[in-house]
Amino acid sequence: MRGRHTSLAPAHSGPMPPTPPYALPAVAADATRTRWRRLGRSALYMTLLCTGIALLLTVMDRGGLGVKLVYSFSIGACCWLIIDGGRNAAAHLLARLRVARGLGAGDRPGFPGWPMLGLLVLLGMVLGPMAGLAIADLLTGHRSPALFAIGSTSGQVTLVISIFATLASLFTFTLLERLSSARAEAEAARRSAAEHRLKLLESQLEPHMLFNTLANLRVLITLDPPRAQAMLDRLIGYLRSTLGASRATLHPLADEFERLRDYLALMQVRMGDRLGVRLDLPADLGAVPVPALLLQPLVENCIRHGLEPQVGGGRIEVSAARDGTQLRLTVRDTGVGLAPAGTGADVATGTGFGLQQVRERLAALYGDAARLELAPADDTEGGAQACIHLPIRGTPT
């Protein structure tokens, strides 16, 4: 795989190209999938119920199973269409009327209200068996007795079974939909909490970097005014180029590397020859979406904890690679390395602000599908190495 080694260049001060709109799945698509799942569940339940009724009637009067199946499915389908179809149609119409009046679609999709539902159940129990018997008679060539004929045992059995089956179905559907709604509300609450937490973490990242830079700038103003002016120019260019990118949840990996180039150019003004940089981004990974400003806290840690304490400074390397279905992002320095555990240094265990912030952002966007690992560098140059593993796909889960 051929990589592209980037060099540092002045921060771009012109207008930035628009960032591709990486969005989470649309609410409308989720609602459509939910409706189809509900329809599939109710159809499966009706199939099992009608088959069970046909088997019961076959055992009771030792008749042919095929004929019983025709009558059972005809009656069941008619009742189902009247109650379930009428319920969804009425709920959809009421939701559209609410939207037209500016009231919102409501929070109980598929539920038209108890008065309307009661009317549909009554119609289903009366009209469903009548229509089903007529259809079954037409299909089989038989002639069934009138449903409400007092002296007809088969009509009475059919009516009683239809009533009890309808009530059982209504109770089951209502219970399943309440459970489904409760799960959907819990999932929506979880997503909302994760999004709010992510926004809070992102809002903490920008001041963290800015305060560190301003503190360094304050020192340079006294010690080396020309370098302080150059650093201020870099800072203005960096903030101008990253203002839009920092407001996005995701952006292409190539943009992430551009932001790192800007930031490291800013740090080179302050550190001079003590800071060496190598950025390695394979061309085929440039368009992969990643969380905006994900790598910057790791680079800041390299400078603060790895290179600044070392008199001669060192080098920072940032690379990207494909690892099966995962993207591996590595940030490595040749600094003093990780502090021993128990010395009070947060980089030993990876619990500092920057590392914790990266872990929490990954957890909020990807759950268990992404992770951050921190370890000593595995060569003779020493230093520390942080690796991020996250799935390669259009949007996080």
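Scroll up a little and you will see the structure.
Predicted, not measured: the structure shown is a model, and the values here were computed from it.

Right, let's talk about the overall build of the protein for a bit. On a plain count of helices and strands, the protein comes out with 8 helices and 8 strands. Among the 397 residues that make up the protein, the fraction classed as buried is 38%. For the protein, contacts bridging at least 24 residues in sequence account for 72% of all contacts bridging at least 6. Per element, the accessible surface of the protein, about 21,500 Å² overall, is 64% carbon and sulfur.

Next up on the list: the packing of helix α6 (residues 253–271) against helix α7 (residues 296–307). When two helices pack together, their arrangement is given by the angle between the helix axes and the distance between those axes. Packing of α6 against α7 leaves a shortest axis separation of 10 Å and a crossing angle of 25°. On the basis of their axis angle, the class for α6 and α7 is roughly parallel. Every pair of crossing elements has a handedness; the one defined by α6 and α7 is right-handed. For the pair α6 and α7, contact is made by Glu 256, Leu 260, Tyr 263, Leu 264, Met 267, Arg 270 and Met 271 and by Gln 296, Val 299, Glu 300, Ile 303 and Leu 307, respectively.

For the structure on display, the rule yields 9 salt bridges. Between Asp 262 and Arg 259 there is a salt bridge, with the nearest N and O atoms lying 3.5 Å from each other. Of the two residues, Asp 262 and Arg 259 are both situated in helix α6; the distance of 3 residues between them amounts to about one turn of the helix. Residue Arg 259 is classed as buried on the basis of its relative accessible area, which comes to 4%. Where Arg 322 meets Asp 284, a salt bridge forms, and the shortest distance between an N and an O atom there is 3.8 Å. In this pair, Arg 322 sits in strand β5 (residues 314–323) while Asp 284 sits in the loop between β3 (275–280) and β4 (289–291), placing the two residues 38 residues apart along the sequence. Overlapping salt bridges bring together Arg 315, Glu 317 and Glu 381 as one network.

Another point: the side chain of Thr 334. Mapped onto the secondary structure, Thr 334 falls in the loop between β6 (326–333) and α8 (353–366). Judged by relative accessible area, which is 11%, Thr 334 ranks as buried. In this structure the side chain of Thr 334 is engaged in a polar contact, spanning 2.8 Å, whose partner is the backbone nitrogen of Arg 315. Once residues lying within four places of it in the same chain are set aside, the contact partners of Thr 334 are Leu 307, Gln 310, Gly 313, Gly 314, Arg 315, Glu 381, Gly 382 and Gly 383.

Attention now goes to the state of the cysteines. Summed over the entire model, instances satisfying the criterion amount to 0 disulfides. No disulfide involves Cys 50; its nearest neighbouring cysteine sulfur is the one of Cys 79, lying 8.4 Å away.

Among the surface-exposed residues, Met 116, Leu 119, Leu 122, Leu 123, Val 126, Leu 127 and Met 130 lie close enough to one another that they form a single nonpolar patch of about 560 Å² accessible area. Positionally, Leu 127 belongs in helix α3 (residues 114–140).

Even without glycine at this site, Leu 293 takes up a positive phi of about 60°. Its place among the elements puts Leu 293 in the loop between β4 and α7.

Quick look at empty space enclosed by the protein now. All told, the structure shown has 3 cavities of 30 Å³ or more when counted by the stated rule. Estimates place the volume of the largest cavity at around 160 Å³. Lining the largest cavity we find 15 residues, and of these Asn 301, Cys 302, Asp 333, Leu 374 and Ala 384 sit closest to its centre. Within the residue set of the lining of the largest cavity, elements represented by two or more residues are α7, β6 and β8 (384–391). Sorting elements by how many residues they give to the lining of the largest cavity places α7 first, with 5 residues.

When the terminal C-alpha atoms of helix α2 (residues 65–100) are compared, their 50 Å separation across 36 residues agrees well with the 52 Å that a helix rising 1.5 Å per residue should span. For α2, the principal kink sits at Leu 81 and spans about 25°.

With that out of the way, let us pick up α7. The periodicity of an α-helix, 3.6 residues per turn, causes residues three or four positions apart to be oriented the same way. Taking 1.5 Å of rise per residue, 12 residues should cover 16 Å, and α7 covers 15 Å from first to last C-alpha, within 8% of that figure. Across the 12 residues of α7, 10 count as buried, placing the element largely inside the fold. Listed as buried for α7 are Gln 296, Pro 297, Leu 298, Val 299, Glu 300, Asn 301, Cys 302, Ile 303, Gly 306 and Leu 307.

You can see Gly 337 is positioned in the loop between β6 and α8. Taking the C-alpha atoms as reference points, Gly 337 and His 305, separated by 32 residues in sequence, lie 8.1 Å from one another. Filtering out sequence-adjacent residues up to four positions away, Gly 337 remains in contact with Gly 383 and Ala 384.

Turning our eyes to something else, we now look at the environment of Leu 55. On the secondary structure map, Leu 55 appears in helix α1 (residues 27–61). Leu 55 sits in the partly exposed class, given a relative accessible area of 45%. Residues Leu 55 and Leu 65, spaced 10 residues apart in sequence, show a C-alpha to C-alpha distance of 6.8 Å.

Scoring rules and cut-offs
- Residues numbered from 1 in each chain as written.
- Predicted model: local features only at pLDDT ≥ 70, side-chain atom pairs only at ≥ 80, totals over all residues.
- Heavy atoms only, no water.
- Helix = DSSP H or I, 4+ residues; strand = E, 2+ residues; numbered from the N terminus.
- Buried < 20%, exposed > 50% of the residue type's maximum accessible area, 1.4 Å probe, protein only.
- Contact = heavy atoms within 4.5 Å.
- Areas by Shrake-Rupley, 256 points an atom, 1.4 Å probe, with all protein chains shown as cover.
- Axes fitted to C-alpha atoms, helices over the stretch in contact; angles between N-to-C directions.
- Parallel < 35°, antiparallel > 145°, perpendicular 65-115°, else oblique.
- Left-handed = near helix turned anticlockwise from the far one by under 90°.
- Salt bridge = Lys/Arg side-chain N within 4 Å of Asp/Glu carboxyl O.
- Polar contact = N/O pair within 3.5 Å; in protein donor to acceptor, adjacent residues only side chain to side chain.
- Disulfide = S-S within 2.5 Å.
- Patch = residues over 30% accessible without salt bridge, like charges linked within 9 Å, V, L, I, M, F, W, Y side chains within 5 Å.
- 1 Å grid on protein atoms, 1.4 Å probe; cavity = no way out; pocket = protein on both sides within 12 Å on 5 of 7 lines; lining within 4 Å.
- Points joined across faces, edges and corners; volume = space filled by probe spheres on them.
- Expected span 1.5 Å × (residues − 1).
- Bend = angle between axes of the 7 residues up to and from the residue.

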